[in-house]
Protein chains: 2
Amino acid sequence: MTATAAVLEDLRGRLPAGALATDRDLLAGFEVDITGRYRGIASALARPRTREEVATVLAACAAAGLPLVPQGGNTGLVGGGVPRDGELVLSLTGLDWVGEVEPATMQLSVGAGATLERAQEAACRAGLELPIDHGARGAATIGGSIATDAGGSLAVGHGTMRQRVAGLEAVLADGAAVCRMGGLLKDNAGYDLPSLLVGSEGTLGVITAARLQLEPGRPRRLAALFGLPGMEVALALLARLHQVAGLETADFFDPACMELVCARQGLEDPLGGGHGVYVLAQFAGEADVTEALAAALESLPAEPAVAIADGLAERERLWAYREPLNESIRELGVAHKMDVAVPVEALPEFERRVRELAAGVSGSSLYLFGHLGDGNVHVNLLGPAPDDEAADEAVLRLAASLGGTISAEHGVGIAKTRFLSLCRSEGEIAAMRALKTSLDPAGVLAPGRVLAAA
Amino acid sequence: MTATAAVLEDLRGRLPAGALATDRDLLAGFEVDITGRYRGIASALARPRTREEVATVLAACAAAGLPLVPQGGNTGLVGGGVPRDGELVLSLTGLDWVGEVEPATMQLSVGAGATLERAQEAACRAGLELPIDHGARGAATIGGSIATDAGGSLAVGHGTMRQRVAGLEAVLADGAAVCRMGGLLKDNAGYDLPSLLVGSEGTLGVITAARLQLEPGRPRRLAALFGLPGMEVALALLARLHQVAGLETADFFDPACMELVCARQGLEDPLGGGHGVYVLAQFAGEADVTEALAAALESLPAEPAVAIADGLAERERLWAYREPLNESIRELGVAHKMDVAVPVEALPEFERRVRELAAGVSGSSLYLFGHLGDGNVHVNLLGPAPDDEAADEAVLRLAASLGGTISAEHGVGIAKTRFLSLCRSEGEIAAMRALKTSLDPAGVLAPGRVLAAA
């Protein structure tokens, strides 16, 4: 029996029946990511259902030096949750409880394995909203969303997942628990371990539950799709949109995206085509903002083509051009996905120079979409071989050179560790390494993610 | 020349003239805190004016093993910013620049040494608001407010200082800089060092600047002072107040506070006296909420005495009963100040048991006030000798036993290190110690604060 086999055997005896699996067919579903770009071999799959079982797994792995990778809904795009080199996959999907909404605080406690969609639905049933959303809501877990500080289409109005975390429960590498689920609005007794865990991608601890800050339900919503000549005008539009109350989405996509979605979904461009960029905006609140929006648009330098949607069904018809973008691109092949953000005012220059870069990659095709209000661009490049990262590096370098970040909302994972120094100083990375070593001295928690193996 | 003298001499040569002082008369003002309870001897005072000068001081201290304590406006209440045992005082008040408000993002960049009041004023000049406020606004610095995650009277509506931090600049113990001043809404490239620094009380790094998230200016404000029979009814009132749009303050104080302020300030109880507890609420927004408030009060079990104030001058007349509380208590002597929070529903039991505790301390007097909406109670006990912490411990233990925290908004400082284990587990404290050691291996940054010397 190998050393790993001995650890697994020991662990099997300490977990409920079925919580530790080594069946290769079963493991296969956990060994490849949604993009098809990242895959690896797992030594085993642990599926705990309680925090105590998570602690058992972590303590055993730390003691034996067996590396593990936490995995939520496996919807990540940077290889962060896929096993490598015989790591144990710690799936958190079994911790899928959803609590009751507490009306006084508008907070909802859920297990890390509950999906974003189920948490949204629980909020909705209480007349409230969980204002975090993206296309993978049906599979992405709350734990994974916190571990990657997920953003999405509502961040311009409501911030990222970090702003939703009113409480957190987690297990550290040595099996110790971090418990801050009391929902205290003010609690400054020592370092805020929950804040450090948000966005740490499972490398500093494993999130097992969260208390989410909800917001009041908005009775009215209005969506608008704009067709504009280019990114400069889109920024002028954005400034006007900010003047209208309740802006919660200001996404954009390019004509290649519109054509792709129309072709794949059997749709027609509702704005008749011929535009340089599309902007999808949404407003939510108590009042009808139709007139305020019209007034805001009056002062625009160029009159945009616009389709406005009020009711739910109409709004969904507009979102149907935005929502399937990731999936439609995935059907074309394995795309190089660069999730960057730049200061909003740098978006026109960023777009221009990315197009120049892509034009230099023969046979490539480029799809740009993202979140205008955040300066967050999803660069999707098809063409280069999966391991040819020359264009990836050029795009990340460009974003950093414009004062941006190489990772806006997808995380670093394994995809971007070697590029971290493009937007973080040597001193900052040294500090991150020191933090990692301090909390995970054996280096068993998702090694090689966020920070390259030393 | 002693070793310390040699370091100081070296440092003097590397800083601008006057930036390093050892004059004892000058130092005296930095060696005692506002409560008079904490004092110590400093070896020197460093007053840098730039981040680079801060880095010079830190690197020199780390290299020589000379401990230092960062100090902002010296308005802390837990001894966190007062030197001990010949520490160097690193005053940040020289980094007092205030930038321009960026209208597109509603963000304001300021130096760590700018006062809260100056940052509020800059926001106001741009038609915006910085919704963090407390009585020490004229002296408390932004850096200190972030280092302690200051809360105050607006937290129930707008969160604590943590929610205001859209960007941060800091220097770590080794002199390395953390720079996240770009204001990117989404930026997940590695661990969020700024989040870890918020609330770390100068023990993990020295904050040198911040980018603050402002909010739109509220054209209308309404304040209301309620007199109620007791804390149970106050909680029923709180639930009604939450139903009115724009609740930003729900503070409370007890009859002893009312009597003290009236006596000290030459005021009269505007509600005629005879109440068990007072609640000061404030609403801010676009619309007049007078009617909504009246409707919400209708369903209360007992009719409260109430004074309502609309205009600024009227509102200030109501705040005049709340605002001078800390100062009025200070004039009575050196109070034991316990800044705790409990889950809101536990407030009645907490109050009852604190009164029992105080009644058992012969010759003591008790003043309770705080933030009803946060469950944050400031327990002020006069009577016991400064070093008699028996009552302090009992109160902190009580708060923790009710699911609360021993430190809501003042921080741990040196006052509460030995009580940290009342609300943090051994594993959590071990993790905090590991983090501290990893970022400050020489242990020069505010040693003995937050975590007791090992």
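Owing to the predicted nature of the structure, the values given are computational and were not obtained by experimental measurement.

Caption draft 1: Examining the sheet that holds strand β8 (residues 165–171) of chain A more closely. All names here are of chain A. With antiparallel pairing, 5 strands are arranged side by side in an open sheet as β5-β6-β10-β8-β9. Among the strands making up the open sheet, the edge pair consists of β5 (98–102) and β9 (177–180). Here the average twist between neighbouring strands, direction ignored, is 15°. Judged from the 3 bridges that link them, β5 and strand β6 (residues 107–111) form a sheet pairing that is antiparallel. Across the sheet, residue V101 finds its bridge partner in β6, namely L108.

Caption draft 2: The arrangement of the nonpolar core in detail. Counting 179 residues, the largest nonpolar core has A:I142, A:F226, A:F350, B:I142, B:F226 and B:F350 as the members making the most contacts within it. Not counting the four nearest positions on each side in its chain, B:I142 is found in contact with B:V110, B:G111, B:A112, B:A114, B:T115, B:L116, B:A119, B:L130, B:M161, B:A210 and B:L212.

Caption draft 3: Here's a closer look at helix α4 (residues 116–125) of chain B. Residues and elements named next belong to chain B. Within α4 the residues assigned to the buried category are L116, A119, Q120, A122 and A123. Axial view of α4: buried residues confined to an arc of 160°, hence all on one face. The outward face of α4, more than 90 degrees from its buried face, is lined by the exposed residues C124 and R125. As for α4, its buried residues are in contact with β5 (98–102), β6 (107–111), β7 (128–129), α5 (142–147) and β10 (206–213). Positive backbone phi, at 80°, marks G127, one or two positions downstream of α4.

Caption draft 4: Spatial organisation of helix α10 (residues 290–298) of chain A. Residues and elements named next belong to chain A. Regarding α10, the residues found buried are L293, A296 and L297. Down the axis of α10, the buried side of the element spans an arc of 100°, and every buried residue falls inside it. Exposed residues lying more than 90 degrees from the buried face of α10 are E291 and E298. Those residues of α10 that are buried lie in contact with β12 (220–228), α8 (231–242), β14 (277–285) and β15 (305–309).

Caption draft 5: Region of interest: the relation of the copies chain A and chain B. When chain A is fitted to chain B, the residual RMSD is 0.0 Å, and the transformation amounts to a turn of 180° plus an axial shift of 0.0 Å. Classification of the inter-copy transformation places it as that of a two-fold axis. A share of 100% of interface residues in chain A that are also interface residues in chain B marks the association as one of identical surfaces.

Caption draft 6: Up close: the pairing of strand β12 (residues 220–228) of chain B. Residues and elements named next belong to chain B. Within β12, 8 of the 9 residues are buried, which leaves the element mostly enclosed by the surrounding structure. For β12 and strand β14 (residues 277–285), the ladder comprises 9 bridges, and the chain directions are antiparallel. Opposite A224, over in β14, you have A281 as the bridge partner. Two strands pair when backbone bridges link them, and β12 and strand β15 (residues 305–309) are joined in this way by 5 bridges, in the antiparallel orientation. Across the sheet, the residue bridging to G227 is A305, located in β15.

Caption draft 7: Expanded view of the packing of aromatic side chains. All names here are of chain A. The tally for this structure, following the rule as stated, stands at 2 aromatic pairs over all chains. Ring centres of F253 and Y278 lie 5.4 Å apart, and the angle between their planes is 10°; on these two criteria the pair is classed as stacked. Taken together, the positions of F253 in strand β13 (residues 247–253) and Y278 in strand β14 put the pair 25 residues apart, joining distant regions of the chain. By the burial criterion, F253 is buried, and Y278 matches it.

Caption draft 8: Structural detail: the pattern of salt bridges. Across all of its chains, the model carries 66 salt bridges over all chains by this definition. Linking B:R355 and B:E351 is a salt bridge whose minimum nitrogen-to-oxygen distance equals 3.1 Å. Taken together, the residues B:R355 and B:E351, both in helix α13 (residues 347–359) and 4 residues apart, mark about one turn of the helix. What emerges from the salt-bridge pattern is a single network uniting A:R37, A:E389, A:D392, A:E393, A:R397 and A:R418.

Caption draft 9: Here's a closer look at the interface of chain A and chain B. Counting from both sides, the interface comprises 64 residues of chain A and, opposite them, 64 residues of chain B. Across the interface of chain A and chain B, roughly 4500 Å² is buried in total on both sides, 60% from carbon and sulfur atoms. Three residues, A:K186, A:N188 and A:Y191, lead the burial of chain A against chain B; their summed loss comes to 23% of the area buried on that side. Linking chain A with chain B are 8 salt bridges. For B:K186, the salt bridge is made with A:D374, and the minimal N-O distance between the two is 2.7 Å. One can count 28 residue pairs in polar contact (both at pLDDT 80 or more) joining chain A with chain B. Looking at the side of chain A that touches chain B, the elements that each hand over two or more residues are α6 (155–158), β9, α7 (193–197) and α15 (426–439) of chain A. Considering every element that reaches the side of chain A that touches chain B, the biggest residue donor is α15(A), with 9 residues. Along the lines of polarity and charge, the residues of the side of chain A that touches chain B split into 30 nonpolar, 22 polar and 12 charged.

Caption draft 10: Inspection of the pairing of strand β10 (residues 206–213) of chain A at higher detail. Residues and elements named next belong to chain A. Burial of β10 is extensive: 7 of the 8 residues sit out of reach of the surface. Bridge count between β6 and β10: 5 bridges; the pairing is antiparallel. From the neighbouring strand, S109 faces β10, where its bridge partner is R211. Summarising the sheet, β8 and β10 pair through 6 bridges and their orientation is antiparallel. Along β10, the bridge assignment pairs G167 with R211.

Caption draft 11: Representation of the sheet that holds strand β1 (residues 20–21) of chain A within the structure. Residues and elements named next belong to chain A. The 4 strands lie next to each other as β1-β2-β4-β3, forming an open sheet whose pairing is mixed. Each edge of the open sheet carries a strand with a single partner, namely β1 and β3 (68–71). Two elements, strand β2 (residues 42–46) and strand β4 (residues 87–91), share 4 bridges in a ladder whose sense is parallel. Bridge pairing links A42 to E87 in β4. Lying over the sheet, helix α3 (residues 51–64) contacts β2, β3 and β4, oriented at roughly 165° with respect to β4.

Caption draft 12: Geometry of the side chain of A:R137. Residue and element names in this part refer to chain A. By the element assignment, R137 lies in the loop between β7 (128–129) and α5 (142–147). Under the relative-accessibility criterion, R137 is labelled buried at 16%. In this view, R137 contacts T115, L116, E117, Q120 and E323; residues no more than four positions away in its chain are not counted.

Caption draft 13: Inspection of the packing of α13(B) against helix α14 (residues 390–401) of chain B at higher detail. Residues and elements named next belong to chain B. Where α13 meets α14, the closest approach of the two axes is 10 Å, and the angle between their N-to-C directions is 160°. Comparing their axes, α14 and α13 come out roughly antiparallel. Our pair here, α13 against α14, has a crossing hand that is right-handed. Each of F350, R353, V354 and L357 in α13 lies in contact with α14, whose residues at this interface are A394, V395, L398 and A399. When its residues are assigned to classes, the contact of α13 with α14 shows 7 nonpolar, no polar and 1 charged.

Caption draft 14: How the structure looks around the environment of A:V178. Mapped onto the elements, A:V178 comes out in strand β9. Residue A:V178 is classed as buried on the basis of its relative accessible area, which comes to 1%. For the pair A:V178 and A:I207, spaced 29 residues apart in sequence, the C-alpha to C-alpha distance is 9.0 Å. Beyond its immediate chain neighbours, meaning those up to four positions away, A:V178 contacts A:L168, A:E169, A:A170, A:L172, A:L193, A:P194 and B:E428.

Caption draft 15: Region of the structure containing the environment of B:V171. Residue and element names in this part refer to chain B. Checked against the element boundaries, V171 lands in strand β8 (residues 165–171). Take V171: its relative accessible area is 0%, and that puts it in the buried class. Sequence-distant contacts of V171, defined by excluding residues within four places in its chain, comprise R51, V54, A55, L58, A176, A177, G205, V206 and T208.

Caption draft 16: Representation of the environment of A:V377 in the model. Residues and elements named next belong to chain A. Within the fold, V377 resides in strand β18 (residues 376–382). A relative accessible area of 2% means that V377 is categorised as buried. Once the C-alpha coordinates of V377 and F252 are considered, the two residues, 125 residues apart in sequence, prove to be 8.8 Å apart. Beyond its immediate chain neighbours, meaning those up to four positions away, V377 contacts F252, M338, D339, V340, L347, F350, L368 and F369.

Procedures and definitions
Residues numbered from 1 in each chain as written. Chains lettered and ligands numbered in written order. Predicted model: local features only at pLDDT ≥ 70, side-chain atom pairs only at ≥ 80, totals over all residues. Heavy atoms only, no water. Pairing = 2+ DSSP bridges. Helix = DSSP H or I, 4+ residues; strand = E, 2+ residues; numbered from the N terminus. Axes fitted to C-alpha atoms, helices over the stretch in contact; angles between N-to-C directions. Core = buried A, V, L, I, M, F, W, Y, C linked by side-chain atoms within 4.5 Å. Buried < 20%, exposed > 50% of the residue type's maximum accessible area, 1.4 Å probe, protein only. Contact = heavy atoms within 4.5 Å. Arc of directions from axis to C-beta. Least-squares fit on C-alpha atoms with pLDDT ≥ 70 in both. Phe/Tyr/Trp six-rings, centres within 6.5 Å; stacked < 30°, edge-to-face > 60°. Salt bridge = Lys/Arg side-chain N within 4 Å of Asp/Glu carboxyl O. Buried area = accessible area lost by both parts, 1.4 Å probe. Polar contact = N/O pair within 3.5 Å; in protein donor to acceptor, adjacent residues only side chain to side chain. Nonpolar A, V, L, I, M, F, W, Y, C, P; charged D, E, K, R; others polar. Parallel < 35°, antiparallel > 145°, perpendicular 65-115°, else oblique. Left-handed = near helix turned anticlockwise from the far one by under 90°.

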